[in-house]
There are 2 protein chains.
Amino acid sequence: MAEQEVILFGMCISPFSRRIELALKIKGIQYQYIEEDLSNKSPLLLKYNPVHKKVPVLVHNGKPIAESLVILEYIDETWQNNPILPKDPYSRAIARFWAKFVEEKILPTALKTIAAEGKEQEQIIEQVYQKLNFLENELNGKDFFGGGSIGYLDIVVFFIARAFQVNQEVTQVELISKEKLPAICKWIEKLLKIDVVNECIPPREKHIAFIRAHLEAAKSSSN
Amino acid sequence: MAEQEVILFGMCISPFSRRIELALKIKGIQYQYIEEDLSNKSPLLLKYNPVHKKVPVLVHNGKPIAESLVILEYIDETWQNNPILPKDPYSRAIARFWAKFVEEKILPTALKTIAAEGKEQEQIIEQVYQKLNFLENELNGKDFFGGGSIGYLDIVVFFIARAFQVNQEVTQVELISKEKLPAICKWIEKLLKIDVVNECIPPREKHIAFIRAHLEAAKSSSN
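Bear in mind that the values here come from a model prediction, so they are computed numbers and not experimental data.

1. Looking at the overall build of chain A
Here comes step 1: Looking only at helices and strands, chain A features 9 helices and 4 strands.
Here comes step 2: Scanning chain A from its N terminus toward the C terminus, one meets helices and strands in the order β-α-β-α-β-β-α-α-α-α-α-α-α.
Here comes step 3: The C-alpha radius of gyration computed for chain A amounts to 18 Å, which stays within 12% of the reference 17 Å derived for 223 residues, consistent with globular compactness.
Here comes step 4: Projected onto its principal axes, the C-alpha coordinates of chain A cover approximately 60 × 45 × 30 Å.
Here comes step 5: Within the span of chain A, comprising 223 residues, buried residues form 53% of the whole.

Written out as structure tokens, the structure reads:
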């Protein structure tokens, strides 16, 4: 293969950036990582992702790709060792279906818990649980979503689920509970023991400081 | 190939259902079409898409797949003749990026025009234009988004853009104008002349009656 230049523009706490790092590590791809300050985005990030102006952006031999789910597919198609997506079309469809569900249904509902309080917050937490329960059922009896090893849906869900867990240490909003989602909790524990996953986890203190700052900003803007 | 049973649960006016019909026709796949009454969904639809309870659902040899973008990828991977997605990973990533943009950015903004009025509506129309203009630039100088023939992104965008055009006959909300989006307008005209595309267009009278009924319902629920 010709010489490759792979650059990832990411942000340490972003679960979307973490997905790309894990995929690159699983494939054993050498890459340069550029940490973005989202309050002062670099001209290069704005150049490479003029539509959304967001991380992650993967730049491969000068060509930029944005949107984490799109990047994951690109990585899997470009470097075919250690496949991330399942092989057969039906399993691929199921993995993509749930990834879309996480992005479009679970995440937006979970974000609503930040601004909500009391009874309303309880109702939203219940809604998040109902949605996560679909994933609980998908996972039940399996080691990973993809079966015997880490795959696309594991990568997609893991950093979101892990962020929910760290968030709840600060906010006391429990979205992932051992009682209600035992298969997901076991699966998180299993993933945390895998070196390549662990290398991609944001440093705990930094993550917690980020959530605190984020909550403060959200509170002061709603006052 | 073994005997295939392909069933599509769709709704005549739904641009999402139309996408799947066009893809199946491009591939020359025989299928049974089941029209759903969305005000009285069939037990089979609810069985096959228990998460979203929406059309389209493709059932291939008894296995259901939901979400139109997921179904398009499944069709392209399962029947490899007449490819829909581009061949090289980078072009595939770009097509997927814009498809996601249509679903997540253009459509939700366009839907807001229904409930809005006056100045607010004008601002939303301008926002939709700004977003559509990205697609205008993507298309400029090309026959189709995919290059020389109809592909994935053409299928994804076409029925949405066409629905905007038919909607504006009823609502007078102009989202697709010849002056501002000439490349998109030319491309719609070109697609309308292709037999296989034309076969997938909802009957005009039925489409207009649907929009009228939809608007009436939206108005009476907001009163």
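There's more to say after this.
2. Comments concerning the nonpolar core
Residue and element names in this part refer to chain A.
Here comes step 1: Counting residues in hydrophobic clusters, the biggest one holds 76 residues, and the most contacted among them are L58 and W187.
Here comes step 2: Here the element with the most residues in this core is helix α6 (residues 152-171); it accounts for 10 residues.
Here comes step 3: Beyond its immediate sequence surroundings of up to four residues, L58 is in contact with V6, I7, L8, I20, L24, K63, P64, I65, I71, Y74 and I75.

3. A few points about the sheet that holds strand β3 (residues 57-60) of chain A
Picture the strands of a sheet paired through backbone hydrogen bonds; they go either parallel or antiparallel.
All names here are of chain A.
Here comes step 1: Reading across from one edge, β2-β1-β3-β4 is the order of the 4 strands in this open sheet, with mixed pairing throughout. The sheet is open, and its two edges are formed by β2 (32-35) and β4 (63-66), each paired on a single side. The average angle at which neighbouring strand axes cross in this sheet is 20 degrees, direction not considered.
Here comes step 2: As paired elements, strand β1 (residues 6-10) and β3 share 4 bridges and run antiparallel to each other. The partner of F9 across the bridge, within β3, is V57.

4. Observations regarding the environment of Q165 of chain A
Residues and elements named next belong to chain A.
Here comes step 1: With respect to the secondary-structure elements, Q165 resides in helix α6.
Here comes step 2: With a relative accessible area of 14%, Q165 lands in the buried category.
Here comes step 3: Along the backbone, Q165 and E104 are 61 residues apart, and their C-alpha atoms lie at a distance of 20 Å.
Here comes step 4: Each residue touching Q165, except ones within four places of it in the same chain, is listed here: I176 and I188.

5. Brief notes about the pairing of β4 of chain A
Residue and element names in this part refer to chain A.
Here comes step 1: Strand direction decides the pairing type here: β3 and β4, joined by 4 bridges, are antiparallel. Across the sheet, the residue bridging to V57 is A66, located in β4.
Here comes step 2: In sequence, β3 turns back onto β4 through a hairpin of 2 residues, with N61 there showing a positive phi of about 45 degrees.

6. Remarks on the relation of the copies chain A and chain B
Here comes step 1: Rotating chain A by 180 degrees and moving it 0.0 Å along the rotation axis overlays it on chain B with an RMSD of 0.0 Å. Here the copies are linked by what is in effect a two-fold axis. Taking C-alpha positions as reference, the residue of chain A nearest the rotation axis is E104 of chain A, located at 4.4 Å.
Here comes step 2: The overlap is high: 100% of the interface residues of chain A also sit at the interface in chain B, so the same surface is used on both sides.

7. Looking at the UniProt feature "domain: GST C-terminal" (unreviewed entry) in chain A
Here comes step 1: UniProt annotation of "domain: GST C-terminal" (unreviewed entry) refers to residues 88-215 of chain A when read in the numbering used here.
Here comes step 2: Secondary structure over residues 88-215 of chain A splits into 75% helix and 0% strand, and the C-alpha atoms at its two ends are 43 Å apart.

8. A short note on the UniProt feature "domain: GST N-terminal" (unreviewed entry) in chain A
Here comes step 1: With numbering matched to this structure, UniProt assigns "domain: GST N-terminal" (unreviewed entry) to residues 4-83 of chain A.
Here comes step 2: Helix makes up 38% of residues 4-83 of chain A and strand 21%, whereas the separation of the span's terminal C-alpha atoms amounts to 19 Å.

9. Overview of the packing of helix α1 (residues 15-27) of chain B against helix α3 (residues 68-78) of chain B
All names here are of chain B.
Here comes step 1: The contact between α1 and α3 brings their axes to 9 Å, and the two run at 10 degrees. Put simply, α1 runs roughly parallel to α3. Of the residues in α3, those touching α1 at F16, R19, I20, A23, L24 and K27 are S68, L69, I71, L72, I75 and D76.
Here comes step 2: A per-class count over the contact of α1 with α3 returns 8 nonpolar, 1 polar and 3 charged.

10. A look at the domain arrangement of chain A
Interfaces are often sized by the amount of accessible area the parts lose when they come together.
Residue and element names in this part refer to chain A.
Here comes step 1: For chain A, the domain assignment lists domain 1 (6-78) and domain 2 (89-222).
Here comes step 2: When each unit is reduced to the centre of its C-alpha atoms, the spacing between domain 1 and domain 2 is 21 Å.
Here comes step 3: Every contact between the two is made by 16 residues of domain 1 and, on the other side, 20 residues of domain 2.
Here comes step 4: Summed over both partners, the interface of domain 1 with domain 2 buries about 1700 Å², with 75% contributed by carbon and sulfur atoms.
Here comes step 5: Three residues stand out in domain 1 for area buried against domain 2, namely I13, R19 and L22, and they jointly supply 34% of the buried area on that side.

11. Looking at the pattern of salt bridges
Opposite charge on two side chains permits pairing when their charged atoms draw close.
Here comes step 1: Considering all chains together, one arrives at 28 salt bridges over all chains under this definition.
Here comes step 2: Measuring nitrogen to oxygen at the nearest pair gives 3.4 Å for the salt bridge that ties R204 of chain A to E205 of chain A.
Here comes step 3: The partner of K25 of chain B in a salt bridge is E199 of chain B, with the nearest N and O atoms 3.4 Å apart. One end of the pair, K25 of chain B, is in helix α1; the other, E199 of chain B, is in the loop between α8 (195-198) and α9 (204-222), with 174 residues separating them in the sequence.
Here comes step 4: Sharing partners across several salt bridges, the network here consists of E73, E77, R92 and R96 of chain A together with E73, E77, R92 and R96 of chain B.

Definitions and limits used
Residues numbered from 1 in each chain as written. Chains lettered and ligands numbered in written order. Predicted model: local features only at pLDDT ≥ 70, side-chain atom pairs only at ≥ 80, totals over all residues. Heavy atoms only, no water. Helix = DSSP H or I, 4+ residues; strand = E, 2+ residues; numbered from the N terminus. Rg over C-alpha atoms; globule rule 2.2 N^0.38 Å. Buried < 20%, exposed > 50% of the residue type's maximum accessible area, 1.4 Å probe, protein only. Core = buried A, V, L, I, M, F, W, Y, C linked by side-chain atoms within 4.5 Å. Contact = heavy atoms within 4.5 Å. Pairing = 2+ DSSP bridges. Axes fitted to C-alpha atoms, helices over the stretch in contact; angles between N-to-C directions. Least-squares fit on C-alpha atoms with pLDDT ≥ 70 in both. UniProt positions renumbered as here; feature names shortened; annotations may be inferred. Parallel < 35°, antiparallel > 145°, perpendicular 65-115°, else oblique. Nonpolar A, V, L, I, M, F, W, Y, C, P; charged D, E, K, R; others polar. Domains from an automatic or database assignment. Buried area = accessible area lost by both parts, 1.4 Å probe. Salt bridge = Lys/Arg side-chain N within 4 Å of Asp/Glu carboxyl O.

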